[in-house]
Amino acid sequence: EFNREAGRMVPRPNIELVVKHLEMFTTERGTWVRPTIRNNCPQVISDDIHVSIGRVVVTYAGLPPQTDAPLGYAVGVPAADTYTVIVDYDRRITESNDGNNRCTRSTTGNCP
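**Q** Run through the sheet that holds strand E9 (residues 83-87), naming residues and quoting values.
**A** Pairing within the open sheet is antiparallel, and its 4 strands lie in the order E6-E5-E9-E10. Lying at the two open borders of the sheet, with one neighbouring strand each, are strand E6 (56-60) and strand E10 (102-105). Neighbour-to-neighbour, the strand axes of this sheet turn through a mean angle of 20°, independent of strand direction. Inspection of the sheet shows strand E5 (residues 49-53) paired to E9 by 3 bridges, in the antiparallel sense. Directly across from Ile53, in E9, lies its bridge partner Val85.

**Q** Any chance you could break down the state of the cysteines for me, citing the residues and the numbers?
**A** Following the criterion strictly, the structure yields 1 disulfide and no others. Here Cys103 engages in a disulfide with Cys111; their sulfurs sit 2.1 Å apart. Disulfide Cys103-Cys111: the torsion about the S-S bond is -90°, which places it as left-handed. Taken individually, Cys103 and Cys111 each receive the classification buried, so the pair is uniform in this respect.

**Q** Can you tell me about the side chain of Thr36, naming the residues and giving the values?
**A** Its location among the elements puts Thr36 in strand E4 (residues 30-39). Residue classification places Thr36 among the buried residues on the basis of a relative accessible area of 11%. Those residues in contact with Thr36, other than ones at most four positions away along the chain, are Val18, Val19, Lys20, His21, Tyr60, Asp68, Ala69 and Pro70.

**Q** So what about the pairing of E4? Which residues, and what values?
**A** The two faces of a sheet get side chains in turn, since along a regular strand they alternate between them. Summarising the sheet, strand E3 (residues 17-27) and E4 pair through 10 bridges and their orientation is antiparallel. Looking across to E4, one finds that Leu17 is bridged to Asn39. What sits between the antiparallel neighbours E3 and E4 is a turn of 2 residues. In the sheet, E4 pairs with strand E8 (residues 75-77) via 3 bridges, with the strands oriented antiparallel. Among the inter-strand pairings, Val33 is bridged to a residue of E8, identified as Val75. In the sheet, E4 pairs with strand E7 (residues 67-70) via 4 bridges, with the strands oriented antiparallel. Its bridge partner lying in E7, Arg38 is registered against Asp68.

Rules used in this analysis
- Residues numbered from 1 in each chain as written.
- Predicted model: local features only at pLDDT ≥ 70, side-chain atom pairs only at ≥ 80, totals over all residues.
- Heavy atoms only, no water.
- Pairing = 2+ DSSP bridges.
- Helix = DSSP H or I, 4+ residues; strand = E, 2+ residues; numbered from the N terminus.
- Axes fitted to C-alpha atoms, helices over the stretch in contact; angles between N-to-C directions.
- Disulfide = S-S within 2.5 Å.
- Buried < 20%, exposed > 50% of the residue type's maximum accessible area, 1.4 Å probe, protein only.
- Contact = heavy atoms within 4.5 Å.

Okay, here's the thing in structure tokens:
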């Protein structure tokens, strides 16, 4: 966040976003993915969180604290063998661990 006193961007304490689960399904209208993101932070993250699902980018807004938040809709994606979801793919938010921001799966399930 921007710190006016310091005159620069500074990391927020305890910010941690995690890709927790991917739901995937196929219908006659195509392939769909719905990610679940966890906000491990003790406060609401009010900034928009950009999440990429392949070439598609979606936005989570107002992630509640210490909660798993499934996206409210499934995202249509091109058919593929695997799907990669990256939370905060553009690194707009400084976190304690960017290593758990990515999950690649070929079927519905929890991310490591």
